[in-house]
Amino acid sequence: MHTVHGPLNRRSGELYEQIDRFAPRVGLISLSMNQRSPLPHLNWIANCPNALDLSLYPVHPHRGDYLLFLGRMSPDKGAHRAVEVAKELGLPLKLAGKMQELREEEFFDAAIKPHLGGQIEYLGEVSHGEKVDLLQNARATLFPIEWAEPFGLVMIESMACGTPVIATRHGAVPEVLEDGRTGIIVDDYTEMPAVLERADAIDPLECRRYVEERFSKERMVADYEAAYLKALGDSGVDRGERLLEVGDQVVD
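A quick note: this is a predicted structure, and the numbers were derived from the prediction, not measured.

Description of the nonpolar core
Then step 1. Membership of the largest hydrophobic core comes to 60 residues, with the highest contact counts inside it found for Leu93 and Met159.
Then step 2. When near neighbours in sequence (up to four residues on either side) are disregarded, Leu93 contacts Leu67, Leu68, Phe69, Ala82, Val83, Ala86, Gln119, Ile120, Glu121 and Leu142.
Then step 3. Grouped together as the second largest cluster of nonpolar side chains are 7 residues, Val4, Tyr16, Leu28 and Leu39 included.

Given below as structure tokens:
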């Protein structure tokens, strides 16, 4: 069994199709149902969404005064679209994320750097503590992606801290956010400025409750244990003999 963490596009998709041909009994676990859509015929045996150790993401229920973007500097992630939204609203925007590869640097220089200064600020890569502080004190987290995001950890990190997410309807977004309860989902990033007030009305503590219900580490461990035990049962291996071993592997 193997968990697929990335998108099933091009080379990675070809690799998994080869595995399916030569080792068809290998069971695959997805992070979202949407992640499977390019290759639905593969041997999917479970869907186990990601989770957080919520003790590392304390909630801070108040409305901040800036917009936030977290993510690598890539056109797919949409930092440049977040800049457009902030400028239209006339609000400060803090951006943080990876910029190590040449293509990321080129994108940043062309699409982000000309807008820096004043209300638009790039903080680089930040520590976990800095990230949590940014999430806790943001008015909303912008997630203007234009690709088939397999999951999107930033969304549950933001909700865990009590900050609503405004996201475009791509990839796993509709599976991770509950529109109107924990964030706002739009069809195009140009709609984001118009829905900010709807995001303001979302209860920060409801965001936290939602993440506790759906994205706790306990729920993820239970999902994996169920998937592994089902696979052992289907393979004829004695469940009692392997139960402790499986449990130890999941916890590790």
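Comments concerning the pattern of salt bridges
Then step 1. Scanning all chains against the criterion turns up 19 salt bridges.
Then step 2. One salt bridge connects Arg169 with Asp187, and the closest N-O pair in it is separated by 2.8 Å. On the criterion of sequence distance, the pair formed by Arg169 in the loop between β8 (165-168) and α6 (173-176) and Asp187 in the loop between β9 (183-186) and α7 (192-200) is long-range, its members being 18 residues apart.
Then step 3. Its relative accessible area of 43% is what places Arg169 among the partly exposed residues.
Then step 4. With a relative accessible area of 51%, Asp187 lands in the exposed category.

A few points about the packing of helix α2 (residues 79-89) against helix α3 (residues 102-112)
Then step 1. Viewed as axis vectors pointing N to C, α2 and α3 meet at an angle of 20 degrees, and their least axial separation amounts to 10 Å. Classified by the interaxial angle, the pair formed by α2 and α3 is roughly parallel. The crossing of α2 and α3 is right-handed. For the pair α2 and α3, the contacting residues are Ala79, His80 and Val83 in the first and Phe107, Ala111 and Ile112 in the second.

Calculation notes
Residues numbered from 1 in each chain as written. Predicted model: local features only at pLDDT ≥ 70, side-chain atom pairs only at ≥ 80, totals over all residues. Heavy atoms only, no water. Core = buried A, V, L, I, M, F, W, Y, C linked by side-chain atoms within 4.5 Å. Buried < 20%, exposed > 50% of the residue type's maximum accessible area, 1.4 Å probe, protein only. Contact = heavy atoms within 4.5 Å. Salt bridge = Lys/Arg side-chain N within 4 Å of Asp/Glu carboxyl O. Helix = DSSP H or I, 4+ residues; strand = E, 2+ residues; numbered from the N terminus. Axes fitted to C-alpha atoms, helices over the stretch in contact; angles between N-to-C directions. Parallel < 35°, antiparallel > 145°, perpendicular 65-115°, else oblique. Left-handed = near helix turned anticlockwise from the far one by under 90°.

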